[in-house]
Amino acid sequence: MQDQNLPLAEMFRRLIRNTGPISVTQFMGESNARYYAAKDPLGGAGDFITAPEISQMFGELIGLWLADMWISAGREDPVYYVELGPGRGTLAKDALRAARKYGFEPRVHFVETSPALKDVQLKSLPGAIWHDDLSTIPQDGPIMLVGNEFLDALPIRQLVRGEDGWRERMVGLDDDRFVFVAGGQNMDPAVPVDWRDAPEGTILETCPAAAAIMYEVAGRLNDQGGAALFIDYGYDAVKGGSTLQAIQNHQKVDPFANPGGADLTAHVDFSTLARIAQSRDVRHIGTVTQGEWLSALGIASRAENLAKRAPHYGAEIAAARDRLIAPDQMGTLFKVMGLASDNWPGGVGFPAG
Ligand code: SAH
């Protein structure tokens, strides 16, 4: 599947014709690998905008949170700032600028697979060190880890209840059109017991890649100490239905319309991820809405201070604040999940803080 010259849709069609339907997981995974490899989706003519690109306040408050945790835990050194999928590097830049004032100057490590985005990140944070995955992150000090809109880009698996049990949801062809079809194999053992008899057509989503990453992050927190923040749109209890969506040029588009040319995402199941972290003796200090969390960290006074220093931008700063915290904008849909190693303090803005 590596011929970069052939449109991905055509490659999928050939594959499906030759070997039968492919899983939603493969469709999403290969589409996003192709999508992120070549372009900066957050740039001027980009497809979507994320919280750090809306306002510097987002990264700054994250930086203050990390600095506060690190100070309360005893200022260990060396300490590592680790970011998963850092995009344009904006969050890291804002966070580290704010944290430096409190003496928190960690070594910066990025996990990023996209060559195009690595180039952009290199300009923002020339001193960072890049990794393809977590395995090569140093082990000799605590990690302060951040992932904003990272987990939602990882490929999901979908199961669908058929007439006689659960099947994997696959992508097949109807002439040249991609269509969802049910796989041939019975998948009942992969379905939680209380979902087994759900009505025909019910869909369940899981994200094995996110689960694997959470398992690894939690292992690191447990071994090395530290804390982690995951911010994404998601939900807090397992629920049925497909949340697979595609965004191109700031519009929702059909996920089948342009594989590799649109950003495919799914909502994050924070409850499952919290359970995985806890299974490795890491504290889940809470999952709260982005609006609540940023408000608890003082976004209102941060916005006032910024506006005082730049009165001409007062209206823009207030609009950015609202965009980040208002319930009908990003405030409620987006959640912030906090994790900390067992012997670390609770963090500001979380129930266990
Ligand atoms: N955190 C940034 C960017 C979010 S977009 C922001 O908030 O603006 C998703 C990011 O995750 C991109 O940097 C993308 O290249 C990266 N990414 C997607 N899948 C990945 C994977 N499997 N491994 C590492 N990085 C990945």
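The structure contained in this document is the topic of the report that follows. (Residues numbered from 1 in each chain as written. Predicted model: local features only at pLDDT ≥ 70, side-chain atom pairs only at ≥ 80, totals over all residues. Heavy atoms only, no water.)

### Section: the site of the ligand
- Taken together, 15 residues lie around the ligand, and Thr50, Gly85, Gly87, Glu112 and Asn148 are the ones closest in.
- Between the ligand and the protein, one listed contact pairs an oxygen atom with a side-chain N or O atom of threonine 50 at 2.5 Å.
- Between the ligand and asparagine 148, the relevant distance is 2.7 Å, taken from an oxygen atom to a side-chain nitrogen or oxygen of the residue.
- For the ligand, whose free accessible area comes to 570 Å², the fraction covered by protein is 90%.
- With respect to the detected pockets, the ligand is housed in the largest pocket. (Near = heavy atom within 4 Å. Polar contact = N/O pair within 3.5 Å; in protein donor to acceptor, adjacent residues only side chain to side chain. Areas by Shrake-Rupley, 256 points an atom, 1.4 Å probe, with all protein chains shown as cover. 1 Å grid on protein atoms, 1.4 Å probe; cavity = no way out; pocket = protein on both sides within 12 Å on 5 of 7 lines; lining within 4 Å. Sits in = over half its atoms within 2 Å of the grid points.)

### Digging into unusual backbone geometry
- Here aspartate 77 and proline 78 are connected by a cis peptide whose omega angle stands at 5 degrees.
- Within the secondary structure, proline 78 sits in the loop between α4 (56–72) and β2 (80–84).
- Although it is not a glycine, histidine 250 sits at a positive phi angle of roughly 65 degrees.
- In this structure, histidine 250 sits in the loop between β11 (245–248) and β12 (251–253).
- On the accessibility criterion, histidine 250 (48% relative accessible area) is partly exposed.
- You will see that aspartate 281, though not glycine, has its phi angle at about 65 degrees, which is positive.
- Assignment of secondary structure puts aspartate 281 in the loop between α8 (270–279) and β15 (283–289). (Helix = DSSP H or I, 4+ residues; strand = E, 2+ residues; numbered from the N terminus. Buried < 20%, exposed > 50% of the residue type's maximum accessible area, 1.4 Å probe, protein only.)

### Some details on the environment of alanine 326
- Topologically, alanine 326 is positioned in the loop between α11 (314–325) and β16 (334–340).
- Judged by its relative accessible area of 14%, alanine 326 falls in the buried class.
- For the pair alanine 326 and serine 301, spaced 25 residues apart in sequence, the C-alpha to C-alpha distance is 16 Å.
- If we skip the residues at most four places from it in the chain, alanine 326 touches Gly331 and Thr332. (Contact = heavy atoms within 4.5 Å.)

### Side note on the nonpolar core
- Counting 46 residues, the largest nonpolar core has Ile62, Trp65, Leu66, Tyr81, Met144, Leu229 and Trp293 as the members making the most contacts within it.
- Ranked by residue count, the leading element in this core is α4, at nine residues.
- What methionine 144 contacts, discounting residues up to four positions off in sequence, is Leu66, Met69, Trp70, Val79, Tyr80, Tyr81, Val82, Phe104, Gly226, Ala227 and Trp344.
- In this structure, Ile143, Ala228, Val268 and Phe270 belong to the second largest nonpolar core, which totals 28 residues. (Core = buried A, V, L, I, M, F, W, Y, C linked by side-chain atoms within 4.5 Å.)

### Some thoughts on the packing of helix α10 (residues 299–309) against α11
- Contact pair α10 / α11: the axes reach a minimum separation of 9 Å and the direction vectors enclose 165 degrees. Taken together, the axes of α10 and α11 lie roughly antiparallel to each other. Two packed elements cross with a definite hand, and for α10 against α11 that hand is right-handed. Facing α10, whose interface residues are Ile299, Ala300, Ala303, Leu306 and Ala307, α11 presents Gly314, Ile317, Arg321, Leu324 and Ile325.
- Taken together, the residues of the contact of α10 with α11 break down into eight nonpolar, one polar and one charged. (Axes fitted to C-alpha atoms, helices over the stretch in contact; angles between N-to-C directions. Parallel < 35°, antiparallel > 145°, perpendicular 65-115°, else oblique. Left-handed = near helix turned anticlockwise from the far one by under 90°. Nonpolar A, V, L, I, M, F, W, Y, C, P; charged D, E, K, R; others polar.)

### A look at the sheet that holds strand β13 (residues 263–265)
- Ordered in space as β12-β11-β13, the three strands form an open sheet in which the pairing is antiparallel. The sheet is open, and its two borders are formed by β12 and β13, each paired with just one other strand. For this sheet the average axis-to-axis angle between neighbouring strands, irrespective of direction, equals 40 degrees.
- The pairing of β11 with β13 spans three bridges and is classified as antiparallel. Among the inter-strand pairings, isoleucine 247 is bridged to a residue of β13, identified as aspartate 263. (Pairing = 2+ DSSP bridges.)

### With respect to the environment of glutamate 163
- Assignment of secondary structure puts glutamate 163 in the loop between β6 (157–162) and β7 (165–174).
- Spatially, the C-alpha atoms of glutamate 163 and leucine 66 are 50 Å apart, while their sequence positions differ by 97 residues.

### Notes on the layout of surface pockets
- Estimated volume of the largest pocket: approximately 710 Å³.
- Forming the boundary of the largest pocket are 39 residues, of which Gly85, Glu112, Thr113, Phe150 and Ala153 lie nearest the centre.
- Among the secondary structure elements, those contributing two or more residues to the lining of the largest pocket are α2 (24–38), α3 (51–54), β2, α5 (90–100) and α7 (208–224).
- Residue classes in the lining of the largest pocket are distributed as 19 nonpolar, ten polar and ten charged.
- Taken as a whole, the second largest pocket holds about 470 Å³ of empty space.
- Counting only elements with at least two residues in the lining of the second largest pocket, the list comes to β11 and β13. (Points joined across faces, edges and corners; volume = space filled by probe spheres on them.)

### Details of the pairing of strand β5 (residues 143–148)
- Of all six residues that make up β5, six are buried, and the element is covered over most of its length.
- Neither face of β5 is open: one carries Ile143, Leu145 and Gly147, the other Met144, Val146 and Asn148, and all of them are buried.
- Relative to β5, β2 runs parallel, the two sharing four bridges. Paired with glutamate 83 across the bridge in β5 is valine 146.
- In this structure, β5 lies alongside strand β10 (residues 226–235), joined through six bridges in parallel fashion. Looking at β10, one finds that leucine 145 is bridged to alanine 228.

Nothing here speaks to function; it is geometry throughout.
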